[in-house]
Amino acid sequence: MHRLVIQAPHIETQHLKQLARLAGAHSIEAIHQQAFRLQGADIANEEAVADFCQSNALDFAFIPEDIRVTDIGLVVMDMDSTLITIECIDEIADMVGIKPEVAAITAAAMRGELDFNASLTRRVALLAGLEESALERVYSERLRLMPGAEAMLKGFQAAGAKTLLISGGFTFFTEKLQARLGLTTTIANVLEVENGKLTGRVVGDIINAERKKTELIAHREALGLRPEQVVAMGDGANDLPMLHAAGFGVALHAKPKVQAEAPYVINTVGMDGVLNYFL
């Protein structure tokens, strides 16, 4: 059997009761005001539950009853528009007055309409000549954590999980976030800098969809974990292979293609909603 986790900023009691009937659950328990678990739910009723939740703007997840937070050994995250609220490359581009042009390419890539490697190469090339100090301005003035990020990380870290931040973005930002949040490992693209200015090139191989999946599997195997002990979160098309490789792959405020294809979806609450699956 499963527990059905229901989340939203506001949840009506009558909706919980209707969902319990739909799912065949035997009890309703509050995790907190924005999250409830319905114990003894039958996953065979998932389609009816999904339709009801979509109609009432509720996030839902069927989680095996024997999985708890202490069972999760690895948490893998995308950075831009997942762990943080911005797309760093778009904000860097704003420093040279070309944000609309770059943001349009970013959005198309995240929707899965463009090859990620080619799109990143194009976008980084447009940044050539920018002072490296602009990156610090983006970090200090514009970068904000996604709501619930710190609570989510503290919960999993306290239970013993390792954390991997893997991004098609840049090491300048992932390394700062690693120190700030106590992340185990971070992997991202390296922007080439010469004489204090961006050259418009990336050093080494680009961190793309396949690399994200490969790193997740490598870290899982190094830790001796089963797939169901791995949680992954992302928002863009380049996160989908990684989300499918995890036992619990969550589309977090994601693009339509990702929501349609990911195993789990969160739209109405913050990142701590992923932790609530396992409490």
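Up top you'll find the structure we're talking about.
On a predicted model such as this, the values are computed, not experimentally measured, just so you know.

Asks: Pulling in residues and values, what's your account of empty space enclosed by the protein?
Replies: One pass over the structure, following the stated rule, counts one cavity of 30 Å³ or more. For the largest cavity, the calculated volume is near 140 Å³. In this structure, the largest cavity is lined by 17 residues; those nearest its centre are D80, E87, F116, G168 and G169. Looking at the lining of the largest cavity, the elements with two or more residues in it are α4 (88–94), α5 (99–110), α6 (116–125) and β6 (162–170). Of the residues forming the lining of the largest cavity, the biggest block, four residues, is contributed by β6. Looking at the lining of the largest cavity residue by residue, the classes come out as six nonpolar, five polar and six charged.

Asks: Break down the nonpolar core for me, citing the residues and quoting the values.
Replies: Core analysis: the biggest nonpolar cluster contains 62 residues, and M77, F156, F173 and F278 have the highest contact counts within it. Residues contacting F156, with those up to four places away along its chain left out, are V69, I72, V75, A161, V231, V274, L275 and F278.

Asks: Give a description of the sheet that holds strand β4 (residues 59–64) that names residues and reports values.
Replies: Pairing in this open sheet of four strands is antiparallel, and the strands run β2-β3-β1-β4 from one edge to the other. Edge strands, defined here as strands with exactly one partner in the open sheet, are β2 (27–32) and β4. Neighbour-to-neighbour, the strand axes of the sheet open up by a mean angle of 25 degrees, direction not taken into account. Helix-sheet contacts for helix α1 (residues 13–23) involve β1 (2–7), β2 and β3 (35–41), and the interaxial angle to β3 is about 25 degrees. The strands touched by helix α2 (residues 46–55) within the sheet are β1 and β4, with β4 carrying the most contacts at an inclination of about 155 degrees.

Asks: Tell me about the pairing of strand β9 (residues 230–234), and please be specific about residues and values.
Replies: Of all five residues that make up β9, five are buried, and the element is covered over most of its length. Bridge analysis of strand β5 (residues 74–77) against β9 gives four bridges, and the strand direction is parallel. When the sheet's bridge partners are listed, V75 is paired in β9 with V231. Inspection of the sheet shows β9 paired to strand β10 (residues 248–252) by four bridges, in the parallel sense. Each bridged residue has a counterpart across the sheet, and for A232 the counterpart in β10 is G249. With helix α11 (residues 240–245) bridging β9 and the parallel β10, this β-α-β connection has right-handed handedness.

Asks: Would you mind going over the pattern of salt bridges in detail, with residue names and values included?
Replies: Summed over all chains, the structure comprises 16 salt bridges. The partner of E194 in a salt bridge is R201, with the nearest N and O atoms 4.0 Å apart. The closest approach of N and O atoms between K212 and D239, which form a salt bridge, is 2.6 Å. Highlighted residues: K212 in helix α10 (residues 209–222) and D239 in the loop between β9 and α11, separated in sequence by 27 residues. Of the two residues, K212 and D239, neither departs from the other in class, the shared state being buried. Here the salt bridges share partners, and the residues they tie into one network are E91, D94, K99 and R142.

Quick notes on the rules
- Residues numbered from 1 in each chain as written.
- Predicted model: local features only at pLDDT ≥ 70, side-chain atom pairs only at ≥ 80, totals over all residues.
- Heavy atoms only, no water.
- 1 Å grid on protein atoms, 1.4 Å probe; cavity = no way out; pocket = protein on both sides within 12 Å on 5 of 7 lines; lining within 4 Å.
- Points joined across faces, edges and corners; volume = space filled by probe spheres on them.
- Helix = DSSP H or I, 4+ residues; strand = E, 2+ residues; numbered from the N terminus.
- Nonpolar A, V, L, I, M, F, W, Y, C, P; charged D, E, K, R; others polar.
- Core = buried A, V, L, I, M, F, W, Y, C linked by side-chain atoms within 4.5 Å.
- Buried < 20%, exposed > 50% of the residue type's maximum accessible area, 1.4 Å probe, protein only.
- Contact = heavy atoms within 4.5 Å.
- Pairing = 2+ DSSP bridges.
- Axes fitted to C-alpha atoms, helices over the stretch in contact; angles between N-to-C directions.
- Right-handed = clockwise from strand over helix to strand, strands pointing away.
- Salt bridge = Lys/Arg side-chain N within 4 Å of Asp/Glu carboxyl O.

So, to be careful, I would describe these as geometric facts and stop short of saying anything about function.
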